[in-house]
Structures are given as C-alpha cells and as structure tokens.
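Below are the chains, spelled out letter by letter.
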Amino acid sequence: MSAKKIGNILFFIFLVVVLFTPIGFHVKVFVTKVFSFGPSVVSEENQVLVSNYNWELVDEKGASHNFNSKKGKVVLINFWATWCPPCVAEMPSLEALYKDYKDNIAFVFVAQDNVNNVTGYMSKNNFSFPVYYSNSITPSELTSEVIPTTYILTKEGKISIAETGAKNWNGKTTRELLDKLLKK
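Residues numbered from 1 in each chain as written. Predicted model: local features only at pLDDT ≥ 70, side-chain atom pairs only at ≥ 80, totals over all residues. Heavy atoms only, no water.

Its location among the elements puts A89 in helix α3 (residues 85-101). Sequence separation between A89 and G165 is 76 residues; the distance between their C-alpha atoms is 9.8 Å. (Helix = DSSP H or I, 4+ residues; strand = E, 2+ residues; numbered from the N terminus.)

Set out below in structure tokens:
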C-alpha cells in the first residue's frame, strides 16, 4: 500500500473520530474555546428595545418564573444546550461572570435540552447559574435560530449585546459594559 493511501485512510479515520465520537465533541469544544473572543457591544443608536417581558419560564423543579420580574434590571440571557460544542465551550466564562455579578445582574440561562441532561451537566461541572426552560413564546426581539445566543439588556430593556456563537464572556469588554450599565 502506498504512503498516499495510508495517509488518506488515516485522514478518513481522523475525520470519523472528530465528527462522530465523543472525542470529536471534546475536540470541537477545545477548538471553539481557543478561537472565542469577546462579544461586540451594539451602539446605543442601534439598540433594540424588548417590547414584551411577558415570558413564562420554568426551572428544573417545575417552578414558574415570569421574565417580567427582570424588568428594570440589567439582564444576561443565554440560550444553550448540553449537546452544543460552542455552548459547552463558553460555559466556564459565563459561570465566572455569574459568580462575580450574580448579586447585581439577572442571569437567565435558557436550556434547549431536557432537564436530566442539564442537571447532570451542571453537577458534573460544578456550575451554579440558574437554568430555565421556556414555557411560552420567547419575546420576538430575543429569538434566534442559533445556539448559543446571548443577549445583555440594559435596565431600560434595550439590547446592548446580541451575540451568536461562543464568546469569552469573562473578559474586559463584558465586564466594562456590565459595570457601566449597573451605574446608569
């Protein structure tokens, strides 16, 4: 067998491992972390106002929470799932941000997954942020076909960050924005 054929076979095996095995999932998470940068802030003139805060959420125990309770607060909303490599890649940075700002900012992590998967994932990783599941129609300004998607809302309900894909949420850009929004 020629070196070229052996090389092609090894490349094919590598692709199969990366695309179709748990090892591949971890490779995708690692690569995503390496290439994740901070989010971009939406300029004030381009910020969209969330017009409807009437959004029913439930936690892992089935307790109901209405998004109206977040009105007038700085809010970080993250749509995610345990099966999504970019979501998994950004979770440590979101957890670090949550630990530092949880007393001042409303965090709403909306899982697009089943409760058992999320509970196991949270426990395994020692994550402490609150997880909810949507129980009604998401406000139209907060809808996306992509996960992860993260929004940061001002106290007035304007979207100051709207990002899809994995980001480093525990960086200077996010922290400076949150500190600025909390002072307003």
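So, about the side chain of D113. Within the element layout of this structure, D113 appears in the loop between β4 (106-111) and α4 (115-125). Buried charged residue D113 carries no salt bridge. Nearest counter-charge: K124, at 12 Å. A distance of 2.3 Å separates polar atoms of two side chains, one belonging to D113 and the other to T82. (Buried < 20%, exposed > 50% of the residue type's maximum accessible area, 1.4 Å probe, protein only. Lys, Arg positive; Asp, Glu negative; His and termini not counted. Salt bridge = Lys/Arg side-chain N within 4 Å of Asp/Glu carboxyl O. Polar contact = N/O pair within 3.5 Å; in protein donor to acceptor, adjacent residues only side chain to side chain.)

In this section: the pattern of salt bridges. Taken as a whole and assessed by the stated rule, the structure comprises six salt bridges. The residue E95 makes a salt bridge to K99 at a minimum N-O spacing of 3.9 Å. You can see E95 and its partner K99 sitting in helix α3, four residues apart, about one turn around the helix. The salt bridge partner of E176 is K172, with a shortest N-O separation of 3.9 Å. Here E176 pairs with K172, and both are found in helix α5 (residues 172-183), just four residues apart, close to one helical turn. Since its relative accessible area comes to 62%, K172 is described here as exposed.

So, about the sheet that holds strand β6 (residues 149-153). Remark on secondary structure: sheet strands pair via backbone hydrogen bonds, oriented parallel or antiparallel. Taking strand neighbours across the sheet as the criterion, the seven strands line up as β2-β1-β5-β4-β3-β6-β7 in an open arrangement whose pairing is mixed. The open sheet has two free edges, formed respectively by β2 (64-66) and β7 (159-164), since each of these has just one partner strand. The average angle at which neighbouring strand axes cross in this sheet is 30°, direction not considered. Against the sheet, α3 touches β3 (75-80), β4 and β6, its axis set at about 155° to β3. Contacting β6 and β7, α5 runs over the sheet at an angle of about 30° to β6. (Pairing = 2+ DSSP bridges. Axes fitted to C-alpha atoms, helices over the stretch in contact; angles between N-to-C directions. Contact = heavy atoms within 4.5 Å.)

Inspection of every chain in the model, using the stated rule, returns eleven aromatic pairs. For the ring pair W80 and Y121, a centre distance of 5.7 Å and an interplane angle of 45° mean the geometry is tilted. Taken as a pair, W80 in strand β3 and Y121 in helix α4 lie far apart in primary sequence, 41 residues in all. Taken individually, W80 and Y121 each receive the classification buried, so the pair is uniform in this respect. (Phe/Tyr/Trp six-rings, centres within 6.5 Å; stacked < 30°, edge-to-face > 60°.)

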